[in-house]
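Take a look at the letters that make up each chain.
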Amino acid sequence: MTDPRAVAPLALEVTRLSKSYPGVNALRGVSLQVRSGEVHGLVGENGAGKSTLLKSIAGAVPFDSGSVRVLGTDLVGGNPRQAAEAGLAMIYQELTIVPELSASDNVHLGDPPRRFGVVDRRRVDAQFREAAARIGLQVSPRAKAGSLSTANQQLLEIVRAMVSERRLVIMDEPTASLGPEDIGRLHAVIRGLRETGHAVVYVSHDLDAVLDICDAVTVLREGEVVESRPAVEWTKPALIRSMLGGVELDSAGAGESTTTAGDAVLSVRGLRAPGVRLDELDVAAGQIIGVAGLVGSGRSRLLRALAGALLIDEGRCEIRGEARTWPRSPAAAWRLGIAMAPEDRKLQGLVLDQSAAWNIALGDFSGAAGRGPVTLDRLGAGVRAAAEAMAFSASRLVVAAGTLSGGNQQKLMLARLMNRSVSVLLLDEPTRGIDIGAKAHVFTAMREIADSGRAVIWSSSEIEEVIEHSDRVLVVAGGRVIDELPPRSSPHDVLTRIFDHQRTHDVHSTDGEPAL
Amino acid sequence: MTTALDARPSRFVRLAQASRSYGVVIALVVLVIAISVAQPSFLSFPNQMNILSQWAPVAIMGIGMTYVVITGGFDLSVGATYALAAVVAAAIGQSQPPVVAFSAAIAAGLVVGVVNGFIVTALRVNPFIATLGTSLVVGGITLAITGNKAFIVAFEPFTALGRDRLAGVPYSGILVIVLFVIAGLVLAYTSWGQSVYAVGGNLEASRLAGIRTSGVVGSAYAIAGLTAGVAGVVTASQLSSAQASLGATLVFDVLTVVIVGGTALSGGRGAIWRTAVGVGILATLQNGFNLLDIDAYYQDVIKGVIIIAALATLDRGGARHLRRLLAGRGPSH
């Protein structure tokens with residue numbers, strides 16, 4: 001069989017590309033070829049070098065050695081404008097639309113067609129309509145971009161690439177915030193791009209989506225290309241094996257409690273905060289309590305209220321049998337042994353300029369105080385031990401937290417909790433945006449923490465995950481716990497409970513039958 | 001302190017990092033050499049000691065300002081607080097022993113600082129506006145009460161701090177050095193000091209990590225008020241008098257020494273030694289200008305250029321950005 005694509009011109013040719021950051025070789029001689037009319041998948045664990053590869057190709061960061069050729073143009077590196085002019089359209093996970101501008105203005109951002117020096121509005125709109133129709137985007141050119149759904153905003157970026165005649169489209173995690181229906185739409189658009197001879201690089205953690213849409217898949221691990229094969233030769237298990245490189249996923253041991261529930265470490269009574277209501281909750285030592293709910297159900301607010309990060313209206317708690325007033329600040333909660341790892345690691349969790357070790361110590365520098373400059377040694381054995389417990393590589397302890405991958409940043413967050421005497425750990429979406437390997441580490445760590453006599457309360461937007469890795473599942477809607485389900489319930493049970501609740505309750509009512 | 005934990009992968013990277021970290025020191029050394037070549041008397045001991053006592057108030061206020069700026073804040077009120085403290089010291093010093101006068105003045109500065117801290121943390125007013133407000137209030141009160149009358153204290157013990165010397169070194173200079181050493185150690189070596197970096201680097205992360213952020217930020221403003229109080233005392237003692245109109249533009253000198261030293265206005269990065277170097281640069285320039293007989297108006301022009309150049313080169317790699325622009329490779333962000 002002769003594949004016409006095999007002779008199509010190369011749209012992207014990466015040759016022996018290397019790039020290192022202080023202390024880390026992010027890319028080690030990566031080579032990659034993508035032909036016009038090909039959809040090429042790129043997968044790998046967090047920290048495998050995917051982001052660095054994309055940034056190097058797009059010119060967001062310069063590379064150290066090797067070459068990048070886009071549609072026949074050799075890139076100098078570190079120059080996004082040259083990459084764009086060569087025909088590269090980079091669609092980042094964080095979309096780059098300007099919400100206050102119209103859809104069509106966004107497409108022509110910075111370089112609209114002009115007539116007599118004035119923006120030619122008719123042509124702007126006409127070009128938009130034409131390109132939007134080609135990919136089936138049904139949006140008025142004058143609609144405010146910020147009012148569009150995430151899926152449509154993403155398509156807007158593709159329209160932008162088409163209007164500016166850029167024929168190499170790189171998408172970073174395009175399905176991360178899309179529902180199944182929108183993923184189907186996106187894939188239809190990508191197939192259309194393939195038919196018109198565009199080359200697409202598709203980077204994703206969603207292996208099903210990758211296998212569905214891609215012609216070929218390349219696996220990156222530790223900054224190197226492990227394997228590159230046509231998609232038909234890949235299966236999902238094979239991809240996972242290749243990504244992890246021999247590390248076996250310990251999924252069997254992660255889900256089962258090995259200790260019986262111990263004494264109550266925390267009892268919550270009558271907790272009320274804006275948008276949060278929790279009448280009764282007893283947390284026992286050794287328990288992992290999962291919080292399941294839809295987006296906007298108030299999962300985060302509930303955890304933040306428990307962590308003392310919200311100003312609460314009223315509430316009492318008992319810590320190991322001792323009655324206390326509710327902590328008025330996270331600092332007070334830490335002193336009671338209740339601490340939280342927030343969902344947004346970059347904005348709420350880490351000081352990105354500072355080192356990994358420093359971030360583990362953040363909040364309690366007493367171990368490092370008064371004994372010489374703040375070095376790794378001075379931060380103490382506790383920090384090293386906590387990092388080791390989280391399988392965080394010791395050589396990266398001195399690296400700035402901002403340069404780490406999402407999975408490694410999450411490990412730092414957990415290590416911070418491990419480094420101090422915390423008896424109730426609140427983890428808000430600890431698995432968000434991290435890959436399978438890092439997730440396995442998080443689940444293992446959660447179980448180890450629980451087995452050591454502490455308790456974990458955690459949330460995830462993936463209901464299956466919550467059920468599989470928790471001893472108890474709290475179902476949350478409208479900021480309150482509406483039910484508790486037994487272990488091994490099905491995701492279907494959870495959703496049924498939520499939809500039943502929505503049907504029978506006024507969302508805005510604050511009174512009603514006791515939760516739980 | 002930020003650099004203390006950075007990776008040390010290669011000699012080249014280390015060199016690049018060092019030149020970025022210690023560029024201000026090189027700038028100071030070059031400046032000192034240039035001016036002492038043009039005017040050898042610059043390096044004379046008496047001249048150096050004069051510089052030290054002249055710049056003592058600005059240097060002392062620079063300590064508090066450095067803390068505040070590292071927390072990600074700003075204090076525009078130090079000039080007014082300084083004048084208030086000077087007037088309090090002189091007014092009370094007319095009838096009371098210097099210890100009482102100085103303590104009252106420093107306490108007055110501390111009170112203004114605590115109020116600033118309260119407004120910024122508890123009332124959540126933007127620091128720029130909050131301290132602009134207190135600056136007007138404090139300045140206005142000081143003028144209203146004194147009618148800008150000069151309080152003269154011709155009392156020997158009162159002027160000792162400002163005028164007497166130990167082995168040729170003015171007391172005020174010794175005070176500066178002692179305060180800088182203490183302030184530097186506190187910032188670098190204490191839990192509180194690291195928390196100052198933490199709240200400036202990421203306030204919300206610090207709060208959730210259990211740091212009492214309001215306490216840390218509030219105490220930085222309190223210290224800024226305290227150092228303004230100490231600076232006011234030094235000036236009152238040096239001049240053996242004080243009046244409300246003192247230090248109207250001093251706040252800009254204080255900000256300049258902090259920023260030129262390389263403490264980032266965006267918060268989370270900086271150091272006390274940087275402010276010491278910043279004082280060195282400004283003081284050397286000013287003294288050099290005077291020795292070389294350069295017109296005062298041009299001195300301001302040159303100062304302004306230096307502030308902009310310092311921010312462009314020290315903060316966020318502005319020079320590298322410019323090189324890329326000139327090389328026609330476009331901005332990287």
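What counts and how
- Residues numbered from 1 in each chain as written.
- Chains lettered and ligands numbered in written order.
- Predicted model: local features only at pLDDT ≥ 70, side-chain atom pairs only at ≥ 80, totals over all residues.
- Heavy atoms only, no water.
- Buried < 20%, exposed > 50% of the residue type's maximum accessible area, 1.4 Å probe, protein only.
- Helix = DSSP H or I, 4+ residues; strand = E, 2+ residues; numbered from the N terminus.
- Contact = heavy atoms within 4.5 Å.
- Pairing = 2+ DSSP bridges.
- Axes fitted to C-alpha atoms, helices over the stretch in contact; angles between N-to-C directions.
- pLDDT = per-residue confidence, 0-100.
- Salt bridge = Lys/Arg side-chain N within 4 Å of Asp/Glu carboxyl O.
- Phe/Tyr/Trp six-rings, centres within 6.5 Å; stacked < 30°, edge-to-face > 60°.
- Lys NZ or Arg CZ within 6 Å of the ring centre and 35° of its normal.

Visitor: Please explain helix H6 (residues 156-163) of chain B as it appears in this structure.
Guide: In an α-helix, one full turn covers 3.6 residues, which means residues spaced three or four apart are oriented alike. Along H6 of chain B, the residues that are buried comprise Phe158, Thr159, Ala160 and Gly162 of chain B. Structurally, H6 of chain B contributes buried residues whose contacts are with helix H3 (78-93), helix H4 (98-121), helix H7 (171-189) and helix H10 (213-239) of chain B.

Visitor: Sorry, what's going on with the pairing of strand E14 (residues 276-284) of chain A here?
Guide: Consecutive side chains along a regular strand alternate between the two faces of the sheet. Residues and elements named next belong to chain A. With seven of its nine residues buried, E14 lies for the most part within the structure. Sheet topology places strand E13 (residues 264-273) next to E14; eight bridges connect them, and they run antiparallel. Residue pairing in the sheet places Arg269 in a bridge with Glu280 of E14. Linking two consecutive strands that pair antiparallel, namely E13 and E14, is a turn of two residues; a positive phi of about 80 degrees is found at Gly275 within it.

Visitor: How do you make sense of the sheet that holds strand E1 (residues 10-21) of chain A when you look at a structure like this?
Guide: Hydrogen bonds between backbone atoms are what pair the strands of a sheet, whose relative direction is either parallel or antiparallel. All names here are of chain A. Read across the sheet, four strands follow the order E2-E1-E4-E5 without closing on themselves; strand pairing throughout is antiparallel. Two strands in the sheet have a free side with no partner beyond their single neighbour: strand E2 (24-35) and strand E5 (73-74). As paired strands, E1 and E2 are joined by eight bridges and run antiparallel to one another. Paired with Lys19 across the two strands is Leu27, which belongs to E2. Sheet strands touched by helix H2 (residues 50-58): E1, E2 and strand E4 (65-70). Its angle to E1, the strand with the most contacts, is close to 115 degrees.

Visitor: I'm lost on the confidence of the model for chain B in this one. Help?
Guide: Should the pLDDT be low somewhere, the predicted coordinates at that spot are not to be read in detail. Residue and element names in this part refer to chain B. Per-residue confidence for chain B averages 88 on the pLDDT scale, and 88% of its residues sit at or above 70. Here helix H14 (residues 318-326) is the element of chain B with the lowest mean pLDDT, 61, and H4 is the one with the highest, 97. Confidence over residues 1-9 falls short of pLDDT 50; this stretch has 29 contacts with residues more than four positions distant or in other chains. Across residues 329-333, where pLDDT falls below 50, the model places 13 contacts with residues more than four positions away in sequence or in other chains.

Visitor: What's the story with the pattern of salt bridges in this structure? I'm lost.
Guide: Proximity of charged atoms lets side chains of opposite charge pair with each other. Residue and element names in this part refer to chain A. Inspection of every chain in the model, using the stated rule, returns 26 salt bridges over all chains. The salt bridge involving Lys144 is made with Glu100; its shortest N-O contact spans 3.1 Å. Taken together, the residues Lys144 in the loop between helix H5 (121-134) and helix H6 (150-163) and Glu100 in the loop between strand E6 (88-91) and helix H4 (103-107) connect sequence positions 44 residues apart. On the basis of relative accessibility, which here comes to 43%, the residue Lys144 falls in the partly exposed class. Exposure remark for Glu100: the relative accessible area of 58% places this residue in the exposed category. Linking Asp105 and Arg121 is a salt bridge whose minimum nitrogen-to-oxygen distance equals 3.2 Å. Within this pair, whereas Asp105 is found in helix H4, its partner Arg121 is found in helix H5, the two being separated by 16 residues in sequence. One network of salt bridges, with partners in common, ties together Asp105, Arg121, Asp125 and Arg142.

Visitor: Explain the packing of aromatic side chains to me, please; I cannot follow it from the model alone.
Guide: Geometrically, a pair of aromatic rings is defined through the distance of the ring centres and the angle of the planes. Residue and element names in this part refer to chain A. Using the criterion set out here, one finds six aromatic pairs over all chains in the structure. Plain terms: the ring middles of Trp358 and Phe365 are 4.9 Å apart, the flat faces sit at 40 degrees to each other, and that makes the pair tilted. Given a relative accessible area of 2%, Phe365 falls into the buried group. Taking NZ or CZ as reference, Arg229 lies 4.4 Å from the ring centre of Trp234, over its face. If you follow Arg420 out to its NZ or CZ, it ends over the ring of Trp334, 3.8 Å from the centre.

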